[in-house]
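The lines below spell out each chain.
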Amino acid sequence: CTGMLKIRIINDYLKKLRERYTLIEYVGVAADETERIKEKRYPLVEWGMTEQDCLAYCYAKGFDWGGLYRIFSRVSCWCCPLQSLEELRNLQKHFPDLWAKLLDMEHRTWRTFRADYSVDQLEIRFAFEEERLAAGLPINRTREFMTELRKRLAESEIKK
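Remember, predicted model here, so these are calculated numbers, not experimental data.

Mapped onto the elements, arginine 132 comes out in helix α7 (residues 119-134). A residue is classified by how much of its surface remains accessible, and arginine 132, at 5% relative accessible area, is buried. Leaving out residues up to four positions away in the same chain, arginine 132 has contacts with Leu137, Pro138, Ile139, Glu144 and Phe145.

Take a look at the structure:
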């Protein structure tokens, strides 16, 4: 969606501007993301500023985005299905209102949120993980964990 909803729209706009002006495009890619560099200007790379450097600078200037970077490793679209399970766990835990919207959005469509889990299944998984952690059991992707999780998910399908 970044390509369709952001990059393509920006490029279409810039294409029209290039018909009348010479443009220099500055992009906020950090020095530790050099694999993303193309044919534009990247001042943060030129200055050697990593993503952590940029965050530290912003914090020093009083910007903290309501603490979001203390909860999430990256701050992007809250409803993105490409987020890691850890980010989705944090969304469910810290933003139950947004999690409820995610559930509602999924219930209104025939598609599942992700290829591997629906939002309902993620709720089951996160509850299962909490139970295991409380019992002192690991939540890593061992054969035992995944077998038990599959059983839980299958039981939830039977109850529907």
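Within this structure, the stated rule accounts for 14 salt bridges. We note a salt bridge from lysine 40 to glutamate 25, for which the minimum N-O separation is 3.6 Å. Of this pair, lysine 40 sits in the loop between α1 (2-18) and α2 (43-46) while glutamate 25 sits in the loop between α1 and α2, placing them 15 residues apart in sequence. Here lysine 40 falls in the partly exposed class, since its relative accessible area comes to 35%. With a closest N to O distance of 3.2 Å, glutamate 51 and arginine 74 form a salt bridge. One end of the pair, glutamate 51, is in helix α3 (residues 51-60); the other, arginine 74, is in the loop between α4 (68-71) and α5 (85-94), and 23 residues separate them in sequence. When salt bridges that share partners are traced, they join Glu86, Arg89, Arg125 and Glu129 into one network.

It is worth spelling out the nonpolar core at this point. Counting residues in each nonpolar core, the largest one holds 18 residues, and the members touching the most others are Leu88, Leu91, Trp99, Tyr117, Leu122 and Leu149. Counting only elements with at least two residues in this core, the list comes to α5, α6 (96-107), α7 and α8 (143-159). Setting aside residues no more than four positions away along its own chain, leucine 88 makes contact with Gln83, Trp99, Phe113, Arg114, Leu122 and Phe126.

Right, let's talk about the confidence of the model for the chain for a bit. Any residue range with low pLDDT should be treated as having predicted coordinates unsuitable for detailed reading. Residues at a pLDDT of 70 or more form 99% of the chain, whose mean pLDDT is 91. Within the chain, the element-level pLDDT minimum falls on α1, averaging 88, and the maximum on α6, averaging 96.

Another point: a nonpolar patch on the surface. A contiguous nonpolar patch, built from Tyr59, Phe63 and Trp65 and spanning about 310 Å² of accessible area, is present on the exposed surface. Note that tryptophan 65 resides in the loop between α3 and α4.

Reading the values: rules and limits
- Residues numbered from 1 in each chain as written.
- Predicted model: local features only at pLDDT ≥ 70, side-chain atom pairs only at ≥ 80, totals over all residues.
- Heavy atoms only, no water.
- Helix = DSSP H or I, 4+ residues; strand = E, 2+ residues; numbered from the N terminus.
- Buried < 20%, exposed > 50% of the residue type's maximum accessible area, 1.4 Å probe, protein only.
- Contact = heavy atoms within 4.5 Å.
- Salt bridge = Lys/Arg side-chain N within 4 Å of Asp/Glu carboxyl O.
- Core = buried A, V, L, I, M, F, W, Y, C linked by side-chain atoms within 4.5 Å.
- pLDDT = per-residue confidence, 0-100.
- Patch = residues over 30% accessible without salt bridge, like charges linked within 9 Å, V, L, I, M, F, W, Y side chains within 5 Å.
- Areas by Shrake-Rupley, 256 points an atom, 1.4 Å probe, with all protein chains shown as cover.

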